[in-house]
Amino acid sequence: MTGKYFGNPIKRLEDKQLLTGNAKYIDDIEVPGQLHAAFLRSDFAHARILKIDVSEALKRPGVVAVYTAEDFGDFWKPGPLQVPPPTAIPGSKFNARTLVPIAKDKIRYSGEVLAVVIAESRYIAEDAFDDIIVDVESLPAVVDLEKAWEDSSVLVHDDLPSNMAALVTQEVGNYEEAKKKADVVVARRMLIEHVAGAAMENRGFLASWDDQNQVMTIWANTQSPLTVRGSVSRALGLAESQVHVITPAIGGGFGPKVMTSLTDDVLLPWISKQLKRPIKWVEDRRENFLATTSERDQVHHCEIALKKDGTILGFKDVFYHNTGAYDSYGMTVPLNTQTHIISNYRVPNFYTQIRMVFTNQMVVTPVRGAGRSEGVFAMERMLDFAAKEMGLSPIEIRRKNLLRADELPLATGITGQDFVKNTLDSGDYLGNFEKCLQAIEYDKFIKETQPKAQKEGKRLGIGVVAFTEGTAVGPYEGCKVTVSTSGKVTMTTGYSSQGQAHYTVFAQIIADQLNVKVEDVKVITGDTNHFAWGAGTFASRGATLVGTAALLASQKVRAKIFSTASKALGVPEDQVELGEGSVSIKGKPDSAIPLGTLAAMANPMRGVIEPGVEPGLEATAYYGPPHGSTGCGAMGVILSIDEETCKPVLEKMVIVDDCGTMINPLIVDGQLQGGISMGIGNTLYERLVYDENGQLLTASFMDYLMPLATDMPKKLEIIHNHAESSLKLNPLGIKGVGEAGAIPPGPAIVQAIEDAFADKGVEILETNLSPSSIYGYLKKVEHK
Amino acid sequence: MKKLFPITVTVNGKVYERQVEARLLLSDFLRHDLGLLGTHVGCEHGICGACTILFDGEAVRSCLIFAVQANGHEIRTVESLGTPENLHPLQQSFTDKHALQCGFCTPGFLMTLVPFLEENPTPTEDEIREAIDGNICRCTGYEKIVEAVHDAAEKMSQKK
Amino acid sequence: MKVEGEHLFKAPREVVYEMFNDPDALGAAVPGMQKMIKLDESHYEAVLGIRVGPVSANFSGNLSLTDEVPPESVTLVIEGKGGAGFVKGVGYVKFEDLGDETTLLKYTGEANIGGTLASVGQRMIDSVAKSMFKTVFEKLDKILEERWQKN
Ligand code: FES
Ligand code: FES
């Protein structure tokens, strides 16, 4: 489907405000009379609180109030489970220990909030930290995932018998039987390191209680304004209509901004109501590292069983997943891992077990990639190890096992994050892979480029992997489309935006349906007074769910345009023509009525419609898919690496991607490129390091290295390989693309590094590869 | 009460006289005292480049400078470039090439690139990447930013 | 963080050992030491200002000497906290008599560091600790020179 706008690289409508410094982000919002909050955070990762004395802080000029857990009385309680437990999976165990808004009795991670200081300025609020006396008895910290799982471990939650947060086993076929029949079985233990979302804008929250009108207005850079509205109204005993959540411009999300029931969104509205003053809090970067949620951090114990010719008979993966100190976000991440391990290949027998474990670390929730990267990494690496063991090329083994277009849709039998059995719906997995091999010129590289470089004393390596991206999960999203009397169109949705071009792509869909100029469609996102139903921005679901809702709503409006015009023009509907911004009788341009005028006529006050007919050129629609979709693709990378410095240089990268129908290819490319930079960062630069005492050692950009412009591939090629079959999924055939780029760089780059050192037999078992860790791997084989 | 120091700073051509605390960061001064909110703060420790401004014509990080140090100096922020109705050619290329997503890092990139393009009107791709190597963008993967700089350089040198 | 090292003092073992029990000597030797008070034979209270890269702060804490085997060995236990985090550590110090009126001090220890000091300053901690030890020993050498050689 293409239209005047749909499917075309339309320039973004939101850019001008952003480019000129006119867009307002959370820290740009000022409400008269506002006070500032600062959070005193724990230096200890695990400790019992003996005493917190704030009396001196209260004496400091400019300090208005200081709160510790005790001051909140009954209001203090553990937060809700933001995502339900995996009850749909038989035999699963889940121990809910949800986030507390402020530590009481016990501290469970370094950075957990101990006191909230409210002052005239942020500078004063932070000064007051020096006045607060915190007395604790420190406890040994739980840091290592595998040790934490053992019965002998120190406990993060004293009331549980162990640190087990969850245990979920899923099996299709029978792995042990398959193993018996196998010619080759390969087993490995692999680490997938802990990384941050690290949006350039930190989190922020402003709560303003209007005592006169009894309304709480909240500005928050959240990915889920409706969840915030729901939890604030519940906590304060207000009607939802009394809580108005507004999302300003948001400086990137990438997952962590979906988390609620944190200190700010629970306590600041309460404090604002108490003090009857607006309260603003904006996180600093260190706080973001310490206490905003992060992800990855799994240890996989994998086994793959194969026939002599490389055919996979079975796969087993028992993995430890760090949930941090609490598990409010349920099991989205490890369930994504389970579905993605086998999502590209024919795996008749699959056994997978999640061992989700509490540790004295910040809470783990989805970050772009969200469990998918981990699953794909585990499978792709195991294929590489198996291929080496059997003397096959990494290409052959993949060709042999990749799913072909005619095998889809395929029910894998594994239940995913949406608690629905996973279906690989559409796509040409093998075709993607072949296209990628061609684009990266695999054969030429192996036959000419690599040997030639070798002669010149240069090391080059190549890696090619396949991936899928589970996208567009339910439950639903919605929107309202209205033609106003000026002829301009407004779409409102509860979905919030963090830079994904929603203001443009939704407008493209609507503009085509209503035949108006795209710039005449104004999209309002994430304002609960405009639209109050929906779930939130995550799992690459905006284009599919909100996009489809926009299509459905604008189709309804279109139908109303025709019925209203038919009355206004006095002709049957099939005689009505919808021109750009006006309606007329077919063949009689003189009869044209501007759309705005028609909108006025659609008001029963003075219009052509009779009572009983829904007024206005306006309609609301919702869309919820029966199950998530699956984007798919392949990635190839060629890199050079110097044996002395061990710094990889990405010479060329190709991504082949099938994200279904594209609303705007410019935006899709941007999503892929951004995702890829994150995947590169996760593989070569970024890592959250906790020491054995649970201290985060990388809480600034000096130590947590972000990928920069010079770290990107010298050449990056994007190939869209959209399978027509996706059209059956939803009316627009959209799958989603937000996370795709972040998924394959890990296994592709690691395979290429191993290839560059093939003569040495280097084997890499982790995701985070600083030059010094690559050097370590080299030394290890040299010493063998 | 903390001691206040009088300062006089020219920002985007306008002279401001203010009393500030010695510890007030220039970034906070611009944003909260002068209300010039286009300068963003991403890390407060000089790494991300989001807070980049021009200090006597040179791109510097306003989170690493105290407001008092700006006394008597001339500052330009993103607000001095174009307006939504009349974008600066670099801003125009940024939107044409889709070089921004969330836009949070963008003012810092623009303020880094304006003096760069003045000094080097026809940069190579490597030079562009070097020039923006001190600015972090989490959204775009930098590809389209590099494209936009090429585009702007071409258009700006044609105009001359 | 683990620390380990040794230093050769040009004085007999008893003298060196004595010096380690003298708050005035220790207080003067540690850079940034603002105050050091002897509470009893083996407990001290101290306030120390330190600077690690971007982090600088005052720490107040306790130092205790345990397992004293004069003049052979002693165990130091320190606990300090301040606006920038906390430090807890144990150090095992041995004094070896090399004859000829020199003493070899050997130390090993482990410190647990938390808060801003760890999360922002950790890259610098090792080198700061090394340079601190260096200064401490240089100062102690001077003190010894004055005290021992004068006598
Ligand atoms: S905020 Fe100044 S460099 Fe990051
Ligand atoms: S556009 Fe979001 S950080 Fe650059």
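Keep in mind it's a predicted model, so treat the numbers as computed, not measured.

Caption draft 1: The arrangement of the interface of chain A and chain C in detail. The interface of chain A with chain C comprises 18 residues on the first partner and 18 residues on the second. Approximately 1,300 Å² of surface area, both sides summed, lies buried where chain A meets chain C, with 45% of it carried by carbon and sulfur atoms. Summed over the shared surface of chain A and chain C, the result is 1 salt bridge. The partner of Lys-81 of chain C in a salt bridge is Asp-135 of chain A, with the nearest N and O atoms 3.8 Å apart. Our enumeration of links across chain A and chain C arrives at 7 residue pairs in polar contact (both at pLDDT 80 or more). A breakdown of the residues in the side of chain A that touches chain C according to their chemical character gives 6 nonpolar, 5 polar and 7 charged.

Caption draft 2: Spotlight on the interface of chain B and chain A. If you look at the interface, chain B gives 49 residues, while chain A gives 57 residues. Buried surface at the junction of chain B and chain A, both sides included, amounts to about 4,400 Å², of which 57% is carbon and sulfur. The largest per-residue losses of area from chain B upon contact with chain A belong to Pro-84, Gln-101 and Arg-138 of chain B, which jointly make up 18% of the total buried on that side. Put simply, chain B and chain A have 5 salt bridges between them.

Caption draft 3: Fine view of the nonpolar core. The biggest cluster of nonpolar side chains holds 216 residues, and the ones touching the most others in it are Val-116, Leu-268, Ile-271 and Ile-753 of chain A together with Phe-94 of chain B. When residues of this core are assigned to their parent elements, the largest contribution, 10 residues, is made by helix H10 (residues 372-390) of chain A. Look past the residues within four positions of Ile-753 of chain A in its chain and what remains in contact with it is Leu-639, Ile-641, Pro-648, Leu-684, Ile-764, Leu-769 and Ile-774 of chain A. The next biggest cluster of nonpolar side chains, apart from the first, holds 51 residues, and it includes Val-518, Val-523, Val-557 and Leu-617 of chain A.

Caption draft 4: Layout of the pattern of salt bridges. As enumerated under the stated definition, the model contains 62 salt bridges over all chains in all. Close ionic contact of Glu-126 of chain A with Arg-122 of chain A constitutes a salt bridge, the shortest N to O distance being 2.7 Å. Of this pair, Glu-126 of chain A and Arg-122 of chain A both sit in helix H3 (residues 122-127), separated by 4 residues, roughly a single helical turn. A relative accessible area of 33% means that Glu-126 of chain A is categorised as partly exposed. Owing to a relative accessible area of 18%, Arg-122 of chain A belongs among the buried residues under this scheme. Glu-110 of chain C is the partner of Lys-2 of chain C in a salt bridge, and the nearest nitrogen-oxygen pair spans 3.9 Å. In this pair, Lys-2 of chain C is assigned in strand S1 (residues 2-9) and Glu-110 of chain C in strand S7 (residues 103-114), connecting sequence segments 108 residues apart.

Caption draft 5: Inspection of the sheet that holds strand S8 (residues 164-172) of chain A at higher detail. All names here are of chain A. Spatially, 6 strands are ordered S4-S8-S16-S15-S14-S9 in an open sheet, and the strand pairing comes out mixed. The sheet terminates laterally at strand S4 (93-94) and strand S9 (184-196), the two strands that pair on one side only. Summarising the sheet, S9 and strand S14 (residues 294-306) pair through 12 bridges and their orientation is antiparallel. Residue pairing for S14: Arg-189 is matched across the bridge by His-301.

Here is what the cut-offs are and how they apply
Residues numbered from 1 in each chain as written. Chains lettered and ligands numbered in written order. Predicted model: local features only at pLDDT ≥ 70, side-chain atom pairs only at ≥ 80, totals over all residues. Heavy atoms only, no water. Contact = heavy atoms within 4.5 Å. Buried area = accessible area lost by both parts, 1.4 Å probe. Salt bridge = Lys/Arg side-chain N within 4 Å of Asp/Glu carboxyl O. Polar contact = N/O pair within 3.5 Å; in protein donor to acceptor, adjacent residues only side chain to side chain. Nonpolar A, V, L, I, M, F, W, Y, C, P; charged D, E, K, R; others polar. Core = buried A, V, L, I, M, F, W, Y, C linked by side-chain atoms within 4.5 Å. Buried < 20%, exposed > 50% of the residue type's maximum accessible area, 1.4 Å probe, protein only. Helix = DSSP H or I, 4+ residues; strand = E, 2+ residues; numbered from the N terminus. Pairing = 2+ DSSP bridges.

Keep in mind these values describe shape, not function.
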